Amino acid sequence: MVRQLALLAAGCQPWNRGVCAASGDRFAYCATLAIYVYQLDHKYNQFKLLSILSEHRKTISAISWNSRNPDILASASYENRIIIWDISKQKPIAIYKDTKTPPICVDWCYLHGEALSFTSGRGPVLIWAYRGSEISVTGLKDSSRFTSEITCFKWHPKVLEKAVVGHKDGSLSFCSIGGKSFLQELKPETNDDDEDDQQEDSVVSLAWDPLSVDYLLVAHNLSGVRLVDSSSLSIIMRFQLPSVSTRVKTLDWIHTAPGMFLTGDALSGNLRVWNVSMATPIEHIRIKKTGFHAVSVICDKPSTNQYISNQSKDQKSSTSQAQIPAKVNASYFALPPARLVCTFLDGGVGLYDLGKRKWEFLRDQGHIETIFDCEFAPHDANILATASFDGTIKLWDVASFTCLNTSPGNEGIIYTLSWAPSDLNCLVAGTSKLGLFIWDINKGKVITRYKEHGNNPVYKVAWNPKDSRRIMSTGGDGYCIVRQVDGEIIQKYKHPGPVYGCDWCPNNKDMLATGCEDGNVRVFYTATSTDKPLKIFSGHTSKVFHVKWSPLKENLLCSGSDDMTVRIWDYSQDTCTHTLRAHTGPVRGLMWNPEVPYLVISGSWDSAICFWDIRTSRCLHMVQDHGADVYGLACHPSRPFILASSSRDSTVRLWSITSLVQPIEMNILAGKSWSQVLGTIECAMQEGTDPILTGKVSRELRSQAESHPQDTRNRVLRTFSKFFLAPAGSDNLWELVSVVKGMDDTMLSENYSKGIMHAKHLVKFGSSEAQQLEMAKLTKFGGGVGSGSKDERLRQAAMLHLKTGNVQRYCELLVELGDWERALAVAPGVSYSYWKGLSKRYAKYLMAEESDSAAVFCTAVGDTDALVQFFTSRGQMSDAVLAAQVACEGLTPGQHQCPSTGHLNGQQTPQGKANGLLLKAIDYWSAWQMSNGSPVAGACCCLAADDKQGALCRLIQGNELELAVAMGTVLGVHDSVMSVAMEMLSRRCERLSKWYLAIDLLLQTPDSRVALAQCCARYSGSVNERNTLLERANLPPVTDCFQEAQRLKRQSDVFECVLYFLLSDSPEAGIELGLEHVKNRLESDSWTADDVFPLLHLLGSVRTDSLQAHSKKPHLFTACCYIGALVAIRREYYPVVLPLFKYTLSLLDSSGYVDIGVPKSRIVAECEAWQLVYSPHSRELNIDLLPAAHKQTYERLQHCLGVEKNKALMGPVCVASAHLPSHSDIHISCLTGDRIQGLPYFLEDCKSAMSHNEALMWSRVNPFSPLGTGYRMNPF
């Protein structure tokens, strides 16, 4: 299964006004074709992408959140369509299919229930009662009489029948349902001498005063901000901007601060805070360089900070503690608490905490339009360049998807780009009207332009990979032009129509191919003087958009066309060898894999990416996660099974296609010969053969590994693990493996300190960084407002206390004044313990304010516990680990040398406590990485503390089985955790029908006899084939297995007897015997899941054909479901527990008389108790919610769970791609009814699906499909 690894989300479009909205702990913004919804993860205090809503097929014009129901969101688009979404279910609940004209504004009307209003052009404003069975739309009174276009409108939040409309000419209209309307009033005054009068002073933003029924804030394009009275139609206040050139783009009220509002500048990232009583702003904050597009104040929540404690208001003595003051003092002006959703003209979007003056979330510099092309840099394979309709080229670090650089200026539409070969660090790009240009990234400027195509679009550019002096381009003028970098024209090849595609032959620097409007592919040879093609390939019935030469087999090239096909051409035979059909739209993206010669990849207008085996013309796999046309495809140069794609949905996605060649990786892990890993192109192209590697990179990796004969095996595992994996995390993990194995620090790479470091290096590298920072001059900021008369009286009182010798009271009064620093400076005069206590109080106060300075005082007093807790609560995981490591190394102030054992006289020493704190912090950090869909990074966290077993567990949780086995082998791990990884990997071999390979992997594991037997029992070949497999597994043949089962039956060894029956020709006897034993055990008074689960797990290996007609099939399914639910609880597979209970009850109801030894009433009671304690939203247990009547049932359930002995099977599964939402490939889980995030797992009917995480958790506790067909699930 091809899986998505990473998603570079689109930026927020800057064209339409109402394209961001928020509600509670969610916010949303619009790209061109999709709505991105983010939700706060309360456990880790960070916003995560929840969903991408992409039903619209044209540009989205506006969105609006229902303020009364945070799950309901409305969106409108230029396809004359409105959709009402249920965000909790991530699906539309109502659609208005034809609004006649594109709605530019939407807002909710609550006068008569819930209705959505929308408008466009000059009106009218229409109101849609969407909840009815029939579409009911009414017009707002007088809203069809406007003479100027509508720019925005808002319903009053309190006076529900009242609405305001802003117009392009700057006027306002006030409409009322059942009342009098005032149309196009309060138009701004114009100045005839003002040059800006050439523009219309349109209304750009509106906001009703939340505390008034009449007042309204209005922002104009030219004349700034006014406060108006909608009742008297008068202007209350005109607000003065800093200069005449300042333009306000957006505004909103700050609901927690009466009379205060904020504005965002159109030309810069200046946020201004105002009070309606003052004509000038009271605060300016520069939060970004580029101008605002929109800002919205949301969710002004009261603080729930755990560090805030109640203080007594009464000062009872001179030694009582002072009240902690509000954060307003002589050196600081406090801004009101508010969170702002901000969008910017460059596509940036974020959530800004006004009170704390910091970003909570920022998605910066994403493309805001179609991304036509993408290509990896030849000099640094982890840099990806993208070219977009928005006129920019951006460079991305694919490990983190952070933007490294953006091309200077705006070039209009950029269709194509190509890197200069080697390390020149230059890009050539083609535009829609401005020709070609070369961007020198080192110099940061465009150094050359070419205009040979005139004003015609340049559709494709290609820098010659073997001759850096030559660049080729094709365009709408019908020419393919080959030029020198200095501008000298080498050849101009005329075509009968526009030329869309071109490519240099990788094996001949003088040969090129083109794709033309006429549907033909042409091959030219530049070393000759003729402008005629050497060959013309005909066959496509529509224009050819792309052509690509094979990088491995020099006589082959492929072409993609608007006729929805990909054709393979053999240059040596002048023929089309294969036609590939599966797309339902024109083909755009096209590429060959550089290691597997038969693998071709294509992207199309149908939103799909297809992976082809050209030997059979078969589509091996298709992914449809993009929401629109797929234009760009690129392979990572050193990791050829990592693919990048770009699309009209404005996203870039990273994919792993390793599953298409998985037997290669399995052979490497199994230690097979090189002939089963590497080979010739001719061998690879033979139909029916297993995939092998034939490219340059794999050959180089083999040479590198064999150059160290003393460590060849480990080097092969390391290098090829990186070869198959994405760069994010894998390099970091293998460097940590080297550190754990004792590699010298001098051998670490320069990138080591940028990733997750080993704990022993944290202090060393942190100190080095601090020394570098000390060389820079840091600027300190200050300022604020003066203190009031009350402050003066308190200061006088404090001085009197000081004069009378009461230093402690003097300090407490300074604290009450907020002058903590002076109080702390004098506090040692009382005592050291008082100073330390006061410092802890100040640290606690700073934590409550989430001030960075809290770390200073926690460190000063040696309060490592509070420091680690503080960093963890802020999501600063690496800082938390560093603080704990400092304590472990005895560097915390006031910490004395302690025994390294961690205990002294039976008590835990500070050193032992610090070690425990470090392990706890690292475990939390690892869990945080897992929740972000980064199991490799989670494993890195464990290795940072030398926890090899924990690292393996994290990789197993993330289903990164190949990496787990490779890492475990290199580290020499041979415990039960490694056995689990190897067993699951053997199941993956079974899914690929590589049964011998599965056996070979299991044979590398100690004590694998049962796993080998289960693998053989699942195989359904002929007797001879089964005997061969049994012999390979060192097990007796089929007939001997039956005899051994009969012998064991007489000895009452149930487990072994069932095992051999399953391997024989009579597995039915094993089912009978095993189920009888399970029933007898469950009928006893005291049992746990451990008593029966191993036997049920073994019975789950029975051959499917033997199970289908067995009378005990329902009994086996029911027992597996019920016991599976119990094991799922103890392993913390919470999402599948309730489905397992429900399927158990469903089987009991539908299968007639089924008796597994447990009454149905008991199962019902346990299911109800589970539903009461488990919250699907938080995915956590809360025992306090359990009523007394269910406590006994729940306690009995807990007793029956047993104890999980294998750490590798604990914890919820977190597959790397499972947190990424898809655009267009929407599936609903048959277990939970929720929309599936990430890759779906399809059941045997090819329709029912569940998430990959759910499938893995289900199959680990119950091998059988929930459809009840008897088929086993194998999602490994």
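About the cut-offs
- Residues numbered from 1 in each chain as written.
- Predicted model: local features only at pLDDT ≥ 70, side-chain atom pairs only at ≥ 80, totals over all residues.
- Heavy atoms only, no water.
- Helix = DSSP H or I, 4+ residues; strand = E, 2+ residues; numbered from the N terminus.
- Rg over C-alpha atoms; globule rule 2.2 N^0.38 Å.
- Buried < 20%, exposed > 50% of the residue type's maximum accessible area, 1.4 Å probe, protein only.
- Contact = heavy atoms within 4.5 Å.
- Lys, Arg positive; Asp, Glu negative; His and termini not counted.
- Salt bridge = Lys/Arg side-chain N within 4 Å of Asp/Glu carboxyl O.
- Polar contact = N/O pair within 3.5 Å; in protein donor to acceptor, adjacent residues only side chain to side chain.
- Disulfide = S-S within 2.5 Å.
- Pairing = 2+ DSSP bridges.
- Axes fitted to C-alpha atoms, helices over the stretch in contact; angles between N-to-C directions.
- Arc of directions from axis to C-beta.
- Core = buried A, V, L, I, M, F, W, Y, C linked by side-chain atoms within 4.5 Å.
- Parallel < 35°, antiparallel > 145°, perpendicular 65-115°, else oblique.
- Left-handed = near helix turned anticlockwise from the far one by under 90°.
- Nonpolar A, V, L, I, M, F, W, Y, C, P; charged D, E, K, R; others polar.
- Phe/Tyr/Trp six-rings, centres within 6.5 Å; stacked < 30°, edge-to-face > 60°.
- Lys NZ or Arg CZ within 6 Å of the ring centre and 35° of its normal.
- Expected span 1.5 Å × (residues − 1).

Visitor: Please set out the overall build of the protein residue by residue, giving values where relevant.
Guide: Each helix and strand in the protein was counted, giving 31 helices and 62 strands. A compact globule built from 1276 residues should have a C-alpha radius of gyration of about 33 Å, and the protein, at 34 Å, falls within 12% of that. Seen along its three principal axes, the alpha-carbon backbone of the protein occupies a region of about 100 × 95 × 70 Å. When burial is assessed residue by residue, the protein has 57% of its 1276 residues classed as buried. A sequence separation of at least 24 residues applies to 52% of the contacts in the protein between residues at least 6 apart.

Visitor: Please provide a residue-by-residue account of the side chain of Arg-567, values included.
Guide: Looking at where Arg-567 falls in the secondary structure, it is placed in strand 48 (residues 565–570). Asp-563 provides the closest opposite charge to the buried, unpaired Arg-567, separated from it by 4.7 Å. Within the structure, Arg-567 has its side chain in polar contact with the backbone oxygen of Gly-539 (distance 3.2 Å). Reaching out from Arg-567, the side chain makes a polar contact with the side chain of Thr-579 at a distance of 3.3 Å. Among all residues touching Arg-567, those that are not within four sequence positions of it are Gly-539, His-540, Leu-557, Cys-558, Ser-559, Cys-576, His-578, Thr-579 and Arg-581.

Visitor: Let's hear about the state of the cysteines: which residues, and what values?
Guide: Cysteine pairs can be linked by a disulfide, which is a covalent bond between their two sulfur atoms. Taken as a whole, this structure holds 0 disulfides when the rule is applied. The structure places no disulfide on Cys-105, whose sulfur is separated from the nearest cysteine sulfur, that of Cys-152, by 6.1 Å. We note that Cys-1121 lacks a disulfide partner, and the nearest cysteine sulfur, in Cys-1120, lies 7.5 Å from it. When its relative accessible area of 5% is taken as the criterion, Cys-1121 is described as buried.

Visitor: How would you sum up the sheet that holds strand 27 (residues 339–344)? Please name residues and give values.
Guide: The antiparallel open sheet is built from 4 strands, whose spatial order is 26-27-28-29. Looking at the sheet topology across the chains shown, the edges are occupied by strand 26 (292–298) and strand 29 (358–363). For this sheet, the mean inter-axis angle between neighbouring strands, taken without regard to orientation, is 20°. Relative to strand 29, strand 28 (residues 349–353) is paired through 5 bridges, and the arrangement is antiparallel. The residue of strand 29 that forms the bridge with Tyr-352 is Trp-359.

Visitor: Tell me about helix 30 (residues 1188–1200), and please be specific about residues and values.
Guide: The set of residues buried in helix 30 consists of Thr-1193, Tyr-1194, Leu-1197 and Cys-1200. Around the axis of helix 30, the buried residues are gathered within 115° of arc, so they sit on the same side. Residues of helix 30 that are exposed and point more than 90 degrees away from the buried face comprise Ala-1188, Gln-1192 and Glu-1195. If you follow the buried residues of helix 30, they end up packed against helix 27 (1113–1130), helix 28 (1137–1150), helix 29 (1160–1173) and strand 60 (1180–1181).

Visitor: Which residues make up the nonpolar core, and what are the values?
Guide: Core analysis: the largest hydrophobic core is formed by 234 residues, its most contacted members being Phe-611, Leu-733, Met-967, Leu-1063, Ile-1123, Leu-1126 and Phe-1141. It is helix 27 that provides the largest number of residues to this core, a total of 12 residues. The contact partners of Phe-611, leaving out residues within four places of it in the chain, are Val-2, Leu-599, Val-600, Ile-601, Arg-618, Cys-619, Leu-620, His-621, Val-623, Leu-643, Ile-657 and Leu-660.

Visitor: Run through the packing of helix 16 (residues 948–957) against helix 17 (residues 961–971), naming residues and quoting values.
Guide: It is at 8 Å that the axes of helix 16 and helix 17 come closest, and there the two elements cross at 165°. When the axes of helix 16 and helix 17 are compared, the pair comes out roughly antiparallel. Considering how the two elements wind past one another, helix 16 and helix 17 form a crossing that is left-handed. Contacts between helix 16 and helix 17 involve Lys-948, Ala-951, Leu-952, Leu-955 and Ile-956 from the first element and Leu-961, Leu-963, Ala-964, Met-967, Gly-968 and Leu-971 from the second. Here the contact of helix 16 with helix 17 is built from residues that sort into 9 nonpolar, 1 polar and 1 charged.

Visitor: Describe the pairing of strand 37 (residues 445–450), listing the residues and the values that go with them.
Guide: Successive side chains on a regular strand alternate, one facing one side of the sheet and the next facing the other. Bridge count between strand 36 (residues 436–440) and strand 37: 5 bridges; the pairing is antiparallel. Counted as the bridge partner of Trp-439 is Val-446 from strand 37.

Visitor: So what about the sheet that holds strand 20 (residues 224–229)? Which residues, and what values?
Guide: Strands sit in the order 18-19-20-21 across an open sheet of 4 strands; the sheet is antiparallel. Either end of the sheet is taken by a strand with one partner, and the two such strands are strand 18 (203–208) and strand 21 (234–239). Averaged over all adjacent pairs, the angle separating strand axes in this sheet is 25°, with direction ignored. Direction of pairing for strand 19 (residues 215–220) relative to strand 20: antiparallel, over a ladder of 6 bridges.

Visitor: Would you mind going over the packing of helix 12 (residues 864–873) against helix 13 (residues 877–888) in detail, with residue names and values included?
Guide: Where helix 12 contacts helix 13, the axes come no closer than 7 Å and their chain directions differ by 165°. With respect to helix 13, the axis of helix 12 lies roughly antiparallel. The hand of the helix 12/helix 13 crossing is left-handed. Across the interface between the two elements, Thr-864, Leu-867, Val-868, Phe-871 and Thr-872 from helix 12 touch Met-877, Asp-879, Ala-880, Ala-883, Ala-884 and Ala-887 from helix 13.

Visitor: Quick rundown of the packing of aromatic side chains? Include the residues and the values.
Guide: Counted under the stated rule, the structure contains 48 aromatic pairs. When the ring of Tyr-38 is compared with that of Phe-361, the centres are 4.7 Å apart and the planes differ by 55°; the resulting orientation is tilted. Pair noted here: Tyr-38 is in strand 4 (residues 35–41) and Phe-361 is in strand 29, with a separation of 323 residues, a long-range link. We classify Phe-361 as buried; its relative accessible area is 11%. Positioned above the aromatic ring of Tyr-450, the side-chain terminus of Arg-483 is 5.0 Å from the ring centre. For Lys-492, the ring lying beneath its charged end belongs to Tyr-479, and the centroid distance is 4.6 Å.

Visitor: Tell me about the side chain of Thr-416, residues and numbers included.
Guide: Here Thr-416 lies in strand 34 (residues 414–419). At 3.5 Å, the side chain of Thr-416 and the side chain of Asp-373 are in polar contact. Separated by 3.3 Å, the side chain of Thr-416 and the backbone nitrogen of Val-461 make a polar contact. The contact partners of Thr-416, leaving out residues within four places of it in the chain, are Asp-373, Ala-387, Val-428, Ala-429, Gly-430, Val-458, Tyr-459, Lys-460 and Val-461.

Visitor: A description of helix 13 should follow, citing residues and the corresponding values.
Guide: For the α-helix, the turn length of 3.6 residues means that residues three or four positions removed from each other point alike. Over its 12 residues, helix 13 extends 17 Å from the first C-alpha to the last, a length consistent with the 16 Å expected when each residue adds 1.5 Å. Regarding helix 13, the residues found buried are Met-877, Ala-880, Val-881, Ala-883, Ala-884, Gln-885, Ala-887 and Cys-888. Of the residues flanking the end of helix 13, it is Gly-890, one or two places downstream, whose phi is positive at about 75°.

Visitor: Residues and numbers for the pattern of salt bridges, please.
Guide: Summed over the entire model, instances satisfying the criterion amount to 48 salt bridges. Taking the shortest distance from any N to any O, the salt bridge between Asp-819 and Arg-822 comes out at 3.8 Å. Among the residues examined, Asp-819 registers a relative accessible area of 18% and is labelled buried. Residue classification places Arg-822 among the partly exposed positions, given a relative accessible area of 44%.

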